[in-house]
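Chain by chain, the residues:
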Amino acid sequence: MTLNINGSIQKFLVFNCLFLGLISGCVPQSDRQSQEPELVISAAVSMQNALEEIKILYQQKYPQAKIVFNFGSSGSLEHQIEQGAPVDIFISAAPKQMNDLAGKKLLLEQTRRDLVKNQMVLVVPNNSKAIDSFADLADQSVEQVALGEPTTVPAGEYAQEILTNLDLIDAVKTKAIYGNDAQQVFNYVATNNADAGIVYRTDALDSEKVKIVDVAPESSYSPVVYPVAIIKESKNIPTAEQVLQFLFTKEAQAVFQRNGFVPLKNK
């Protein structure tokens, strides 16, 4: 009799656990996977294609992983983090924004690393034949040149350096139309709303709407380095560290390279 009562109690407890699973948390392993924390990565918009591809590779290895991207200009993303946005990992298109966050003690110490490099190029609409080089931007026939806003968009800051060092800044500044991020600069040219634009090589590499007509001399601007780091206030540090390590694996670096980035050797 005692055994039958215990058996009934056990059956009741199992049934009760399953019935109240959603409330009590007594759920199967497959359901608990859906409770994995959501990891937010704020990244320069020029990295969008590469990171979306890398996300697929990462989730093949870790099917339960939840990654959400927040793409934008590095300056805007920096300000969001300063204002307390729930970000776990930040990837900037220039050291400046990362330096600012480090100076305010907002980065998790010793997680910052340089991820990849990029190049700056001059692009024009695919059917354009009037511009072949940076020097042509000074020509009177060129009416509008798309640039990133230099105070918030690293691509704009690099473009300003290039034009200054090539002695073209005075000729171009009256023709400039500014984009809020690198993608908007590219779109101005791709939609024929600008005669030319200075963008990242990765943005223009496989485009059918624009063509690269000149590559900025490396000596004319600061190295385009993309640093990455975990944000100090992250609530998902173990997962963030795992994702950060994955970005430096051979498979992830191969994706960056296919998208036009230049891998870096990190110590």
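The following refers to the structure shown.

What counts and how
Residues numbered from 1 in each chain as written. Predicted model: local features only at pLDDT ≥ 70, side-chain atom pairs only at ≥ 80, totals over all residues. Heavy atoms only, no water. Axes fitted to C-alpha atoms, helices over the stretch in contact; angles between N-to-C directions. Helix = DSSP H or I, 4+ residues; strand = E, 2+ residues; numbered from the N terminus. Parallel < 35°, antiparallel > 145°, perpendicular 65-115°, else oblique. Left-handed = near helix turned anticlockwise from the far one by under 90°. Contact = heavy atoms within 4.5 Å. Nonpolar A, V, L, I, M, F, W, Y, C, P; charged D, E, K, R; others polar. Core = buried A, V, L, I, M, F, W, Y, C linked by side-chain atoms within 4.5 Å. Buried < 20%, exposed > 50% of the residue type's maximum accessible area, 1.4 Å probe, protein only. Polar contact = N/O pair within 3.5 Å; in protein donor to acceptor, adjacent residues only side chain to side chain. Pairing = 2+ DSSP bridges. Salt bridge = Lys/Arg side-chain N within 4 Å of Asp/Glu carboxyl O.

Considerations on the packing of helix α4 (residues 48–61) against helix α12 (residues 250–258)
Step number 1: Put simply, α4 and α12 touch, their axes get as near as 9 Å, and they point 155° apart. Relative to α12, the element α4 is oriented roughly antiparallel. The way α4 lies across α12 gives a crossing that is right-handed. Facing A50, L51, E53, I54 and L57 of α4, the residues of α12 in contact are E251, A252, V255, F256 and R258.
Step number 2: The class makeup of the residues in the contact of α4 with α12 is 7 nonpolar, no polar and 3 charged.

Comments concerning the nonpolar core
Step number 1: The biggest cluster of nonpolar side chains holds 58 residues, and the ones touching the most others in it are I91, M120, Y226, L247 and F256.
Step number 2: In this structure, V121, V123, F186 and V210 belong to the second largest nonpolar core, which totals 12 residues.

Observations concerning the environment of V87
Step number 1: Among the secondary structure elements, V87 is positioned in the loop between α5 (74–82) and β3 (89–91).
Step number 2: Judged by its relative accessible area of 5%, V87 falls in the buried class.
Step number 3: Not counting residues up to four positions away in its chain, the partners in contact with V87 are V40, S42, I81, I231 and S234.

So, the side chain of D88
Step number 1: Structurally, the position occupied by D88 is in the loop between α5 and β3.
Step number 2: A distance of 2.7 Å separates polar atoms of two side chains, one belonging to D88 and the other to S234.
Step number 3: Within the structure, D88 has its side chain in polar contact with the side chain of N236 (distance 3.3 Å).
Step number 4: In contact with D88, not counting residues within four places along its chain, are E38, L39, V40, A229, I230, I231, S234, K235 and N236.

Concerning the sheet that holds strand β11 (residues 262–263)
Step number 1: Taken together, the 6 strands give an open sheet; going across it, the order is β2-β1-β3-β10-β4-β11, and neighbouring strands pair in mixed fashion. Of all strands in the sheet, those with a lone pairing partner are β2 (66–72) and β11, marking the two edges.

Digging into unusual backbone geometry
Step number 1: Phi is positive for D167, which is not a glycine, with a value near 60°.
Step number 2: Unlike most non-glycine residues, N192 shows phi in positive territory, near 65°.
Step number 3: Position of N192 among the secondary structure elements: in the loop between α9 (182–190) and β8 (196–200).

Points about the sheet that holds β8
Step number 1: Strand order in the open sheet formed by 5 strands is β7-β6-β8-β5-β9, and the pairing between neighbours is mixed. The sheet terminates laterally at β7 (176–179) and β9 (210–215), the two strands that pair on one side only. Each adjacent strand pair in this sheet contributes to an overall mean axis angle of 35°, direction not counted.
Step number 2: Looking at chain direction, strand β6 (residues 145–148) and β8 are connected through 2 bridges and run parallel.

A word on the pattern of salt bridges
Step number 1: The full count for this structure, using the stated rule, is 4 salt bridges.
Step number 2: Notably, a salt bridge pairs K104 with E82, separated by 2.7 Å at the nearest N-O pair. With a gap of 22 residues between them, K104 in the loop between α6 (95–103) and β4 (113–118) and E82 in helix α5 connect regions that are remote in the sequence.
Step number 3: Judged by its relative accessible area of 49%, K104 is partly exposed.
Step number 4: When the shortest N-O distance is used, the salt bridge between K173 and D170 registers 3.4 Å.

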